[in-house]
Amino acid sequence: MDKSELPAGDSEAGSAGSKSAFVAIVGPPNVGKSTLLNSYLGMHLSAVSRRPQTTSQNVLGILTAPEGQLVFLDTPGLIKRKGAVYEFMQREISSALSDADLVLLMVEPRYEPDDELASFIKSIDKPVVLTVNKVDLVKNKLNLLPLIDRYRNLGLDEVYPISALAGDGLGELLAGLFKAAPQGEPYYPEEEVTTYPMRFFAAEAIRESLFELYGEEIPYSVFVEIEEYKEHDGRKDLIRAILYVERDSQRPIILGRGGEAIKRLGTRARKKIEALSGRAVYLELHVKVAKNWRKDSSFVRRATKPPQKYLPGT
Ligand SMILES: Nc1nc2c(ncn2[C@@H]2O[C@H](COP(=O)(O)OP(=O)(O)OP(=O)(O)O)[C@@H](O)[C@H]2O)c(=O)[nH]1
Ligand SMILES: [Mg+2]
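The residue numbering used here restarts from 1 in each chain and proceeds along that chain's sequence as written. By the order in which they are written, chains take letters starting at A while ligands take numbers starting at 1. It should be noted that, the model being predicted, local features are given only for residues of pLDDT at least 70 and side-chain atom pairs only at 80 or more, the latter also being counted only at that level, while totals for whole chains, interfaces and linings use all residues. Each side-chain value is worked out from all heavy atoms of the structure, with water and hydrogens disregarded.

Peer 1: Would you mind going over the overall build of the protein in detail, with residue names and values included?
Peer 2: In terms of regular secondary structure, the protein is built from ten helices and nine strands. Its C-alpha atoms give the protein a radius of gyration of 21 Å, within 12% of the compact-globule value 20 Å for 314 residues. Judged by the C-alpha coordinates and their principal axes, the protein covers about 70 × 50 × 40 Å. Exposure categories follow from relative accessible area, calculated using a 1.4 Å probe and restricted to protein chains: below 20% of the type maximum is buried, above 50% is exposed, and the middle band is partly exposed. Across the 314 residues of the protein, 50% fall into the buried class. Accessible surface, the protein as shown: approximately 15,600 Å² in total, 51% of it carbon and sulfur. In this tally, Asp and Glu contribute negative charge and Lys and Arg positive charge; neither His nor the terminal groups of the chain are included. One atom stands in for each charge, and that atom is NZ of Lys, CZ of Arg, CG of Asp or CD of Glu. Distance between charge centroids for the protein: 10 Å, based on 42 positive and 43 negative side chains. Helix and strand assignments come from DSSP, with helices taken as H or I runs of at least 4 residues and strands as E runs of at least 2, each series counted from the N terminus. Every radius of gyration here is taken over C-alpha atoms, with the globule rule written as 2.2 Å times N^0.38, N being the number of residues. Residue burial considers only the protein chains on display, and all accessible areas are found by Shrake-Rupley using a 1.4 Å probe.

What follows is the structure, given as structure tokens:
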């Protein structure tokens, strides 16, 4: 039968490209959620570091494939702690879970399912796909089987061992996600990778660089605000960022002797921003003190205001 003879609207049903879902990537801190998002998108969109609680706001990334479209929401690590920042992170996770059509729960091989995780899984009223990341660290893959069984006993039928870093198992996981995804039209045009503005990613690039260059509590103590982001054709874009620290004593640490440390930070972050935006950038960094900002929920609310609402039409 010629395609043109099909009734209107039917031609897409069941065919390639007909699946569409918001997918919340959730899991304990540091398991590789952001690494997976970056691997799927083939670009360094979400901040990654070897330390926990790198992601503090949801990051949206769009993957369009022959099977359809998955809109990933990379979330902060699941952690129960008091304080304005942690409560903000918790709300980010809840909002991703409520927007999601399906949930990709990520753990790593050393992560045994405890009661807390079990009750978290129970509380999710959407399809859950489980992935065990970092299997490159396991010499004998047979050792994974008892762990996978323990997760299966929690009612998770779909379990995918992967290495987000090495790229192993990503095709199988993607097929599993599309299998679990509902039928539907793509949410966004296929060439789109995110709906978040470049200024969000500029702040994230600076944060990621902080994790790479400074130890201890410094990366967690800095709030990055993009005060100005001006695109210029024919010359460099101008980005002015304010780095708010919690205490006076942190200012000289960020600056370093003779401003050496902040210069290194600026160069590193600028390169990341240029790579992502594809434009030449002049990055200006200023350090200010906002005393104990992490404890001040009004600062956290103002400061970590999520970017534009991302659901089409809302
Ligand atoms: N060996 C190995 N390391 C990985 C893999 N995936 C991620 N990592 C590393 O694990 C660390 C944490 O990765 P992230 O992607 O930042 O983890 P996350 O789950 O987003 O962490 P939070 O945002 O802090 O919750 C980084 O050092 C990654 O390079 C993997 O497949 N194998
Ligand atoms: Mg992350």
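Peer 1: Give me the coordination of the magnesium ion (ligand 2): which residues, what numbers.
Peer 2: Taken together, S34 (OG) and T55 (OG1) make up the full set of protein donors to the magnesium ion (ligand 2), lying 2.0 to 2.1 Å away. Of this pair, S34 sits in helix α1 (residues 33-41) while T55 is found in the loop between α1 and β2 (59-65), placing the two residues 21 residues apart along the sequence. Exposure remark for T55: the relative accessible area of 6% places this residue in the buried category. Donor atoms are limited to N, O and S found within 2.8 Å of the metal ion, a distance that becomes 3.2 Å for Na, K and Ca. With water left out, some sites might look partial.

Peer 1: I'd like a description of the environment of V300, backed by residues and values.
Peer 2: Looking at where V300 falls in the secondary structure, it is placed in helix α10 (residues 297-303). V300 sits 44 residues away from G256 along the chain, and the two C-alpha atoms are 26 Å apart.

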